[in-house]
Amino acid sequence: MNQITFNQELIDDIYSANVQEELHTIKDFLRWCYSTFNRADIYYGHGYDNAWDEAQQLVLTTLHLPADFPSELYDTRLTTAEKLEIIRLVIIRIEKRIPVAYLIHRAWFCGLEFYVDERVIVPRSPISALIEQGFAGLLTREPQRILDMCTGSGCIAIACAERFPEADVDAVDLSFDALNVAEINIERHNLTHRVFPIQSDLFSRLLEEQYDLIVTNPPYVDLEDLSDMPEEFHYEPEMALGSGNDGLTITKEILRLAPNYLADDGVLVCEVGNSMVHLIEQFPQVPFNWLELANGGVGVFALTKAQLLEHQHVFQ
């Protein structure tokens with residue numbers, strides 16, 4: 001049985017079960033949503049990796065309740081309108097396989113809440129672990145100027161600004177749509193005085209700034225992986241995912257140009273995910289510092305300005 005048939009049968013079951021009349025409380029809908037997602041053929045990979053976390057976020061956010069809403073109040077009864085809205089979103093999640101973050105327009109990164117929609121990818125970078133640790137072992141001093149290249153929703157730029165309260169952060173993206181979302185988040189976090197959205201094709205519209213830290217989560221999915229991605233990923237902007245046959249077209253341009261924008265003791269931190277295999281194969285002479293991440297992520301490296309300059313010729 002294919003996933004389309006399987007999910008349609010599940011949706012038919014939902015309609016026939018009279019969920020609205022049989023379920024009453026927050027606890028009822030959390031359990032029902034959890035069970036329904038477990039039965040469905042959907043993919044978890046947009047901030048959550050299991051059915052319970054998705055169910056909890058969908059139900060609580062739809063009810064305008066925080067994630068730490070006291071469980072003692074889970075027996076609170078819902079209104080008919082609240083029930084119907086949760087049921088509607090669950091059906092859309094299963095039928096269309098839209099990520100929950102796009103349904104509730106909320107995602108979390110470094111413990112911070114962000115607005116998201118389909119103009120940006122859903123925040124999920126393992127770089128979050130490095131930000132939370134203040135890039136320990138990589139920086140020789142507190143950064144004053146930070147660049148978030150390919151900022152998307154602005155989550156990395158904003159998280160860096162929160163972690164380093166004395167730093168100014170430039171949030172760069174090619175997409176005007178993405179920057180519009182980033183601006184929403186910058187304003188919501190009251191950081192318009194320290195986080196600055198800039199439309200630019202990589203470094204093309206930047207002055208010769210000297211950043212203490214450049215952080216980037218560029219598009220890095222190779223052509224093979226892009227075609228094999230679950231349906232949920234196809235709701236994200238393709239320009240934020242794919243980057244040539246090997247997934248490294250944009251990364252190699254960043255490697256080539258980054259040293260021109262780093263302070264003498266500056267550091268580049270870059271995520272390339274599974275395309276790390278291609279990067280190692282193509283540049284075996286480059287001493288990529290592949291970082292161990294507290295959240296278990298892979299494919300994030302660091303290079304100093306000195307290392308980038310030493311090997312700059314291989315990126316030309």
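Residues numbered from 1 in each chain as written. Predicted model: local features only at pLDDT ≥ 70, side-chain atom pairs only at ≥ 80, totals over all residues. Heavy atoms only, no water.

With an unreviewed UniProt entry as reference, the chain is termed Ribosomal protein uL3 glutamine methyltransferase, source organism Aggregatibacter segnis ATCC 33393. Turning to the chain, the UniProt record has this under Function (unreviewed entry): "Methylates ribosomal protein uL3 on a specific glutamine residue." (UniProt positions renumbered as here; feature names shortened; annotations may be inferred.)

> Where do I start with empty space enclosed by the protein in this structure?
Over the atoms a probe the size of a water molecule is rolled, and this reveals where empty space is left. Going through the model one piece at a time under the given rule, you end up with one cavity of 30 Å³ or more. Lining the largest cavity are Leu139, Thr140, Arg141, Pro143, Asp212, Asp265 and Gly266. Taken together, the residues of the lining of the largest cavity sort by class into two nonpolar, two polar and three charged. (1 Å grid on protein atoms, 1.4 Å probe; cavity = no way out; pocket = protein on both sides within 12 Å on 5 of 7 lines; lining within 4 Å. Points joined across faces, edges and corners; volume = space filled by probe spheres on them. Nonpolar A, V, L, I, M, F, W, Y, C, P; charged D, E, K, R; others polar.)

> Looking at this structure, I do not really get the layout of surface pockets. What am I missing?
When its volume is computed, the second largest pocket comes out at roughly 290 Å³. Lining the second largest pocket are 15 residues, with Thr61, Thr62, His64, Ile104 and Arg106 positioned closest to its centre. Here the lining of the second largest pocket gets three residues from one element, more than from any other, and that element is helix H4 (residues 51-62). Of the residues assigned to the lining of the second largest pocket, the class counts are seven nonpolar, five polar and three charged. (Helix = DSSP H or I, 4+ residues; strand = E, 2+ residues; numbered from the N terminus.)

> I'm lost on the domain arrangement of the chain in this one. Help?
Interface size is commonly expressed as the accessible area that is lost once the parts come together. Annotation of the chain at the domain level lists domain 1 (8-104) and domain 2 (118-314). The distance between the C-alpha centroids of domain 1 and domain 2 comes to 33 Å. With twelve residues of domain 1 at the contact, the number on the domain 2 side is 13 residues. Carbon and sulfur atoms make up 65% of the surface buried where domain 1 meets domain 2, a total of about 1,000 Å² over both sides. If you sort the residues of domain 1 by the area they bury against domain 2, His46, Arg97 and Tyr102 come out on top, with a joint share of 58%. (Domains from an automatic or database assignment. Contact = heavy atoms within 4.5 Å. Buried area = accessible area lost by both parts, 1.4 Å probe.)

> Just to check I follow, could you spell out the pattern of salt bridges for this structure?
For side chains bearing opposite charge, pairing can occur when the charged atoms are close. Per the counting criterion, the structure on display carries 15 salt bridges. For Arg119, the salt bridge goes to Asp117, with nearest N and O atoms at 2.7 Å. Through salt bridges with shared partners, a single ionic network connects Glu54, Arg93, Arg97 and Glu232. (Salt bridge = Lys/Arg side-chain N within 4 Å of Asp/Glu carboxyl O.)

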